[in-house]
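Summary of the model geometry
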Amino acid sequence: MTTKGNKIRQKNSTKGQHHTSPEPQLWSLLPATIVLAIYTYLGDIDRVSMARVCKTWYQVFQVPALWRSRIMRFSGKRSQGDIKSELWLKSKFASPRSYGQQAIKFAKQFSTSVQEITVHFLLLSELRESANLFRELSTCLDEASLRYIYISGLGLEGVRGQIRKDLTDSLKRLIEKQHSLRKFRIKSSHFDLESGLQILQCLAGASAQTITDLALNGLFQNGVSLYRE
């Protein structure tokens, strides 16, 4: 009887008490502007880890302003970092095959937000595939308002025929569609004289009034370098 009476008294004593929910963690109260600023200092893998912390941080991860600048690679193989962030890559920009397809998927989603692109051509063992992917990338960026373009390692010396023409035409298209470029830099591309002059003509026609930083290091295959600061 005593035990039963104690249980009844304990039950009655809890009536009227309110159960409070646990207080939110301080990091979840950070303003979105602060979270966005933190994201800008991180690489893709760290951004993925941060986006998994809470719903608010994941929502900031989706903000287009976070993806105004992008480094794109054409190397044919995925990096170890790609594999580690597999979950994010499947839902976002990456493809299961190559960096070039990853760049295209990104461009399709954020073409109206991206303002700066860096394109690295590395180990072009599959020139035909790289030429096709670069052509598709330039098409995807038709609606972009790019401020900065940097092309590195195109390396056209020794490349002949249709592949060389396709790579040249794709770069010309990319430039021609931009009318507010401020910076254009190209390194180690090695165009022949005719193609190199066509690139310069595209720059003059599209962004002559806006461009303030022009660096053409290795534009021509004969080693001529031009700079304008």
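Residues numbered from 1 in each chain as written. Predicted model: local features only at pLDDT ≥ 70, side-chain atom pairs only at ≥ 80, totals over all residues. Heavy atoms only, no water.

**Notes on the overall build of the protein**
Keep this limit in mind: Runs of H or I in DSSP of at least four residues are treated as helices and runs of E of at least two as strands, each being numbered from the N terminus. Only protein chains enter the area calculation, which uses a 1.4 Å probe; residues under 20% of their type maximum are buried, those over 50% are exposed, and those in between are partly exposed. Note on contacts: a residue pair is in contact if any heavy atoms of the two residues lie within 4.5 Å.
Along its length, the protein carries 10 helices and six strands. Within the protein, the proportion of its 229 residues that are buried is 41%. A separation of at least 24 residues holds for 71% of the contacts in the protein among residues at least 6 apart in sequence.

**Focus on the nonpolar core**
Rules: Side-chain atoms within 4.5 Å are what join buried Ala, Val, Leu, Ile, Met, Phe, Trp, Tyr and Cys residues into a set we call a nonpolar core.
Formed by 51 residues in total, the largest nonpolar core has its most connected members in Tyr39, Ile117, Leu137, Leu171 and Phe184. Apart from the residues within four sequence positions on either side, Phe184 is in contact with Ile149, Ile175, Leu203, Ile211, Asp213, Leu214, Ala215 and Leu216.

**Observations regarding the confidence of the model for the protein**
Formally: Confidence of the prediction at every residue is given by pLDDT, a number between 0 and 100.
When pLDDT is averaged along the protein, the result is 78, and 74% of the positions lie at 70 or above. Confidence drops under a pLDDT of 50 for residues 81-90, and excluding neighbours within four residues, the segment shows 20 contacts in the predicted structure.

**Some words on helix α3 (residues 44-51)**
Rules: Working note: the arc is built from the helix axis to C-beta atom directions.
Buried within α3 we find Arg47, Val48, Met50 and Ala51. Viewed along the axis of α3, the buried residues span an arc of 165 degrees, placing them on a single side of the element.

**Focus: the packing of aromatic side chains**
As a reminder of what qualifies: Each aromatic pair joins two rings of Phe, Tyr and Trp (for Trp, the six-membered one) with centres within 6.5 Å, and gets the label stacked for planes under 30 degrees apart, edge-to-face for over 60, and tilted for any other angle. Put simply, a charge is over a ring when the Lys NZ or the Arg CZ is close to the ring centre, within 6 Å, and near the line of the ring normal, within 35 degrees.
Here the structure, examined in full by the defined rule, presents seven aromatic pairs. Their ring planes at 25 degrees and their centres at 6.1 Å tell us that Tyr58 and Phe61 sit as a pair that is stacked. Of this pair, Tyr58 and Phe61 are both found in helix α4 (residues 55-61), three residues apart, which corresponds to roughly one turn of the helix. Of the residues examined, Tyr58 reaches a relative accessible area of 42% and is grouped as partly exposed. Of the residues examined, Phe61 reaches a relative accessible area of 1% and is grouped as buried. An aromatic cluster of at least three residues, connected via ring pairs, comprises Tyr39, Tyr58, Phe61, Trp67, Phe106 and Phe110. Above the plane of the ring of Trp67 lies Arg47, whose end atom (NZ or CZ) is 4.8 Å from the centre.

**Notes on the pattern of salt bridges**
Close approach of charged atoms allows side chains with opposite charge to pair. Heads up, the rule is: One side-chain nitrogen of Lys or Arg within 4 Å of one carboxyl oxygen of Asp or Glu is enough to make a salt bridge.
Counted according to the given criterion, the structure contains seven salt bridges. Where Lys108 meets Glu136, a salt bridge forms, and the shortest distance between an N and an O atom there is 3.6 Å. With Lys108 in helix α7 (residues 99-110) and Glu136 in helix α8 (residues 127-140), this pair connects stretches of sequence that are 28 residues apart. Note on Lys108: relative accessible area 57%, which makes it exposed. Its salt-bridge partner being Arg185, residue Asp213 comes within 2.7 Å of it at the nearest N-O pair. On the criterion of sequence distance, the pair formed by Asp213 in strand β5 (residues 213-217) and Arg185 in strand β4 (residues 183-187) is long-range, its members being 28 residues apart. Three or more residues joined by partner-sharing salt bridges are found here, namely Lys165, Asp169 and Lys172.

**Here we look at unusual backbone geometry**
Residues other than glycine seldom take positive phi values, yet Ser188 does so here, at roughly 55 degrees. Within the secondary structure layout, Ser188 lies in the loop between β4 and α10 (193-207). The exposure class assigned to Ser188 is partly exposed, which follows from its relative accessible area of 29%. Even without being a glycine, His190 presents a positive backbone phi close to 60 degrees. As for its position among the elements, His190 is in the loop between β4 and α10. On the basis of relative accessible area, His190 is assigned to the partly exposed category, the value being 21%.

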